[in-house]
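In case you want the letters, here they are:
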Amino acid sequence: MDNGKVKRSKLTLRRGLTVIGLLVVLLLAYKFSIIPNSNDIAKGQGIKADSGAVALPTPMRTGEVSLEQLLTGRRSIREYLEKELTIFEVGQLLWSAQGITHPRGYRTAPSAGALYPLELYVVVGRVEGIEKGVYHYDAKQHKLVKTIESDMRTSLARAALSQSAVKNAAAIIVFAADYRRTTKKYGKRGERYVHMEVGHAAQNLFLQAVALKLATVVVGAFNDDKVAELLQLPVQLRPLMLMPVGKK
Ligand SMILES: Cc1cc2nc3c(=O)[nH]c(=O)nc-3n(C[C@H](O)[C@H](O)[C@H](O)COP(=O)(O)O)c2cc1C
């Protein structure tokens, strides 16, 4: 072999090794979650998960009541019957707020830059088929992941100016947000977008509650730090809204 051929084959060998090296690095990065796997997104965001995962029933995509009737019927209700909600109702409410409705991951509520800063939690008190405790809603898999074992409704109510709606609800949906997901793209203006988004999601849930003949109210009066501490929210999440839900 002449010198030129030797040099070329050495170059080819080096390139081949570089490509293999890159592939190995990519595989290791994936395995050790440097590249987030969609199933691990919640974990990657530091959301504490107990072993208890609860699969939610497939959400219903049709209804019998018109949007106009739902809008007319929407009213804040702060008193609830002692009855249980069903797991289907809880799943449907969560889906209406943040459910995935498109193969690309778009959701029931709009999001600036499709960055989805919201995370939903459910404080469960009386729900058939779900033990009392606090659960994180995994929108991608439409399931709940338990984060706290005990009934937190009374303490949560205390952190919300002792509002009886929070104490007596069958469940409370908690809207929290990771501002950084949006501000890293939009800067300070991103904060405004996050607040708009919680409004979109909450209104979806409100109208879904009306469609399911459930009672709810939007609660904005609470101590942020106390709520975050009680619910053991990951540091990057700030609570923005509570929606107590019950039967009427
Ligand atoms: C941002 C926001 C925060 C609110 N916070 C509370 C609250 O902490 N407690 C409460 O009982 N109602 C709260 N409400 C509900 C309003 O009191 C209610 O929407 C208003 O009285 C109008 O009644 P309607 O919702 O039945 O139309 C809040 C509403 C909004 C939009």
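Rules of the game
- Residue numbers run consecutively from 1 along every chain, following the written order of its sequence.
- This being a predicted model, a pLDDT of at least 70 is required before a residue's local features are given, and a value of 80 or more before pairs of side-chain atoms are given or counted; all residues contribute to the totals for chains, interfaces and linings.
- A run of H or I in DSSP counts as a helix once it spans at least four residues, and a run of E counts as a strand once it spans at least two, with each numbered from the N terminus.
- Any residue pair is listed as a contact if its two C-beta atoms, each placed from the backbone, are within 7 Å.
- Across the chain, each position has a pLDDT score giving the predictor's confidence in that residue, from 0 to 100.
- Any residue whose C-beta has 12 or fewer other C-beta atoms within 10 Å is treated as exposed, any with 20 or more as buried, and any in between as partly exposed, C-beta atoms being built from the backbone.
- Here the rule is simple: two strands pair whenever DSSP picks up at least two bridges between them.
- Axis definition: a line fit to C-alpha positions, over the contact stretch in the case of helices; interaxial angles, taken between N-to-C directions, run 0 to 180 degrees.
- Residues are classed as near a molecule or strand if the C-beta position derived from their backbone is within 6 Å of it.
- Under the scheme applied, nonpolar residues are Ala, Val, Leu, Ile, Met, Phe, Trp, Tyr, Cys and Pro; charged residues are Asp, Glu, Lys and Arg; polar residues are all the others, including Gly.
- Structurally, a nonpolar core is described as a collection of buried Ala, Val, Leu, Ile, Met, Phe, Trp, Tyr and Cys residues joined by way of C-beta atoms within 7 Å.

Q: Looking at this model, I keep getting lost on the overall build of the chain. Mind explaining?
A: Broken down by element type, the chain carries nine helices and nine strands. If you take every contact in the chain between residues at least 6 apart in sequence, the share linking residues at least 24 apart comes to 73%.

Q: What is the right way to look at the confidence of the model for the chain in this model?
A: If pLDDT is low for a region, its predicted coordinates should not be looked at in detail. Scored by pLDDT, the chain comes out at a mean of 88, with 80% of its residues at no less than 70. This model gives residues 28-50 a pLDDT under 50, and the stretch forms 30 contacts once residues within four places in sequence are excluded.

Q: It is not clear to me how the pairing of strand 3 (residues 118-124) should be interpreted in this structure. Could you clarify?
A: Across a regular strand the side chains alternate sides, sitting on one face of the sheet and then on the other. With seven of seven residues buried, strand 3 lies mostly within the body of the structure. Burial along strand 3 is two-sided: Leu-118, Leu-120, Val-122 and Val-124 facing one way and Glu-119, Tyr-121 and Val-123 facing the other are all buried. The pairing of strand 3 with strand 7 (residues 171-177) spans seven bridges and is classified as antiparallel. Note on strand 7: the bridge partner recorded for Val-122 is Ile-173. Sheet topology places strand 3 next to strand 5 (residues 133-138); four bridges connect them, and they run antiparallel. Bridging across to strand 5, Val-123 finds its partner in Val-134.

Q: Which parts of the structure should I look at to understand the sheet that holds strand 1 (residues 53-55)?
A: The strands making up a sheet are joined through hydrogen bonds of the backbone, oriented either antiparallel or parallel. The strand order 1-6-5-3-7-9-8 describes an open sheet built from seven strands, whose pairing is antiparallel. Strand pairing shows two members of the sheet lacking a second neighbour, strand 1 and strand 8 (214-216), which therefore form its edges. The mean inter-strand angle of the sheet, taken between neighbouring strand axes irrespective of direction, is 30°. Examined bridge by bridge, strand 7 and strand 9 (residues 238-247) share seven bridges and lie antiparallel to one another. For Phe-175, the partnering residue across the bridge sits in strand 9 and is Met-241.

Q: Even after reading the chapter, I still don't get unusual backbone geometry, so can you show me in this structure?
A: For Leu-161, which is not glycine, the phi torsion reads 55° and is therefore positive. Looking at Leu-161, the number of C-beta atoms within 10 Å reads 11, which means it is exposed. Even without glycine at this site, Lys-213 takes up a positive phi of about 60°. Residue position: Lys-213 is located in the loop between helix 8 (189-211) and strand 8.

Q: Would you take a moment to explain the site of the ligand for this structure?
A: With respect to spatial proximity, the complete set of residues near the ligand consists of Arg-75, Ser-76, Arg-78, Gln-163, Ala-165, Val-217, Val-218, Val-219, Gly-220 and Ala-221. For the shell around the ligand, the residue count by class is five nonpolar, three polar and two charged.

Q: Got a minute to help me understand the environment of Gln-163 in this structure?
A: Note on placement: Gln-163 falls in the loop between helix 5 (153-158) and helix 6 (164-168). On the basis of neighbour counts, which here come to 20 C-beta atoms within 10 Å, the residue Gln-163 falls in the buried class. Measuring from C-alpha to C-alpha, the distance between Gln-163 and Ala-221 comes to 8.9 Å, with 58 residues separating the pair along the chain. Each residue touching Gln-163, except ones within four places of it in the same chain, is listed here: Ala-157 and Val-219.

Q: Could you clarify how one ought to interpret the nonpolar core in this entry?
A: If you look at soluble globular proteins, the nonpolar side chains tend to sit buried side by side. Membership of the largest hydrophobic core comes to 66 residues, with the highest contact counts inside it found for Ala-171, Ile-173 and Phe-175. It is helix 8 that contributes the most residues to this core, ten residues altogether. Ignoring any residue separated from it by four or fewer positions in sequence, one finds Ile-173 in contact with Leu-93, Leu-120, Val-122, Leu-205, Met-243 and Val-245.

Q: Looking at this structure, I do not really get the environment of Leu-115. What am I missing?
A: Within the secondary structure, Leu-115 is located in the loop between helix 4 (87-98) and strand 3. Residues Leu-115 and Arg-180, spaced 65 residues apart in sequence, show a C-alpha to C-alpha distance of 9.8 Å. Setting aside residues no more than four positions away along its own chain, Leu-115 makes contact with Arg-181, Thr-182 and Lys-185.

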